[in-house]
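# Topology and contacts: notes
Take a look at the letters that make up each chain.
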Amino acid sequence: MILMEMMSLLAQARLSTLSREITALTERLAPASEAAVLRSLDAMQTAGMTMPQGIEPKKILAVYHYALSGVPGCGLAAATQKLIRGDYAANANVLLGTIPKPPVLAALAKAEALGMRAELARKRETIAALKPRAAARSEASRARVRARLEAFRRTHAAAKAAAQNVSALASREIHHAA
């Protein structure tokens, strides 16, 4: 009995820890705010990167914020750091020394957030596995399943017998014809 109580307490502690971790991951995966987009662009400009050609200076923040709407803030932060360090040098869509165009930056940020999204999914699956199962199925439900199973077995047995009869008749006809 004491062992069961200890296991229950451990499971509750694990659920509590997982819940806190899920909350933290969910917050980190929240869409990037306009302030986060501005910080990202400012950090890249401070590092000496230039704005891409073709975007009106007055509309830069609005265009980037639109392209990055729904993109996780943690992904944008990670992509910004990697861009400044030159980690995307092998990427043909990224020109070193130039801030990527809005759709390219959005794609980089989304890719950076994939690992965190996968971790969040794993933690949610773990919580679902640790939570106690719902109450046992009702007796009426079990009776319906038993009845359907028995009906299936009868139908299957009849189909099997019919197939064996057809096979036996075909074998006799082949032997008589020979």
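A short tour of the structure in this document, coming up. Chains are numbered independently. Their residues run from 1 in the order of the written sequence. Per-residue local features of the predicted model are confined to residues with pLDDT of at least 70, and side-chain atom pairs are confined, for both listing and counting, to 80 or more; whole-chain, interface and lining totals are unaffected and use all residues. Only hydrogens and water are set aside; all other atoms, that is, all heavy atoms of the structure, feed into the side-chain values.

Before going further, it helps to spend a moment on the packing of helix H2 (residues 34-46) against helix H3 (residues 60-67). It is the contact of H2 with H3, at a shortest axis distance of 10 Å, that shows an interaxial angle of 115°. Crossing geometry of H2 relative to H3 is assigned as right-handed. Contacts between H2 and H3 involve Glu34, Val37, Leu38 and Leu41 from the former and Ile60, Leu61, Tyr64 and His65 from the latter. Its residues placed into classes, the contact of H2 with H3 shows 6 nonpolar, 1 polar and 1 charged. Each axis is a line fitted through C-alpha atoms, and for a helix only the stretch in contact is used; angles between axes span 0 to 180 degrees, taken between their N-to-C directions. To qualify as a helix, a DSSP run of H or I must reach at least 4 residues; to qualify as a strand, a run of E must reach at least 2; elements of each kind are numbered from the N terminus. Definitions for this section: a left-handed crossing has its near helix turned counterclockwise from the far helix by less than a right angle. A right-handed crossing has that turn clockwise. In what follows, residue pairs with any heavy atoms lying within 4.5 Å of each other are defined as contacts. Residue classes follow a fixed rule: Ala, Val, Leu, Ile, Met, Phe, Trp, Tyr, Cys and Pro count as nonpolar, while Asp, Glu, Lys and Arg count as charged, and any other residue, Gly among them, counts as polar.

Turning to the nonpolar core, a few remarks are in order. Membership of the largest hydrophobic core comes to 21 residues, with the highest contact counts inside it found for Leu41, Tyr64 and Leu83. Counting residues per element, the ones that place at least two in this core are H2, H3, helix H4 (73-85) and helix H5 (102-130). Among residues more than four places away in sequence, those in contact with leucine 83 are Met44, Met49, Tyr88, Val94, Pro100, Leu105 and Leu108. Counting residues in hydrophobic clusters, the runner-up holds 10 residues, among them Leu18, Cys74, Ala113 and Leu120. We define the nonpolar core as a collection of buried residues of types Ala, Val, Leu, Ile, Met, Phe, Trp, Tyr and Cys that are connected through side-chain atoms lying within 4.5 Å of one another. Only protein chains enter the accessibility calculation, which uses a 1.4 Å probe; a residue whose area is less than 20% of its type maximum is buried, one above 50% is exposed, and one in between is partly exposed.

The span expected for a helix works out to 1.5 Å for each residue beyond the first. Taking 1.5 Å of rise per residue, the 13 residues of H4 would be expected to cover 18 Å, and the 19 Å separating its terminal C-alpha atoms lies within 8% of that figure. Regarding H4, the residues found buried are Cys74, Gly75, Leu76, Ala79, Thr80 and Leu83. With its phi angle positive at about 80°, glycine 86 sits one or two positions after the end of H4.

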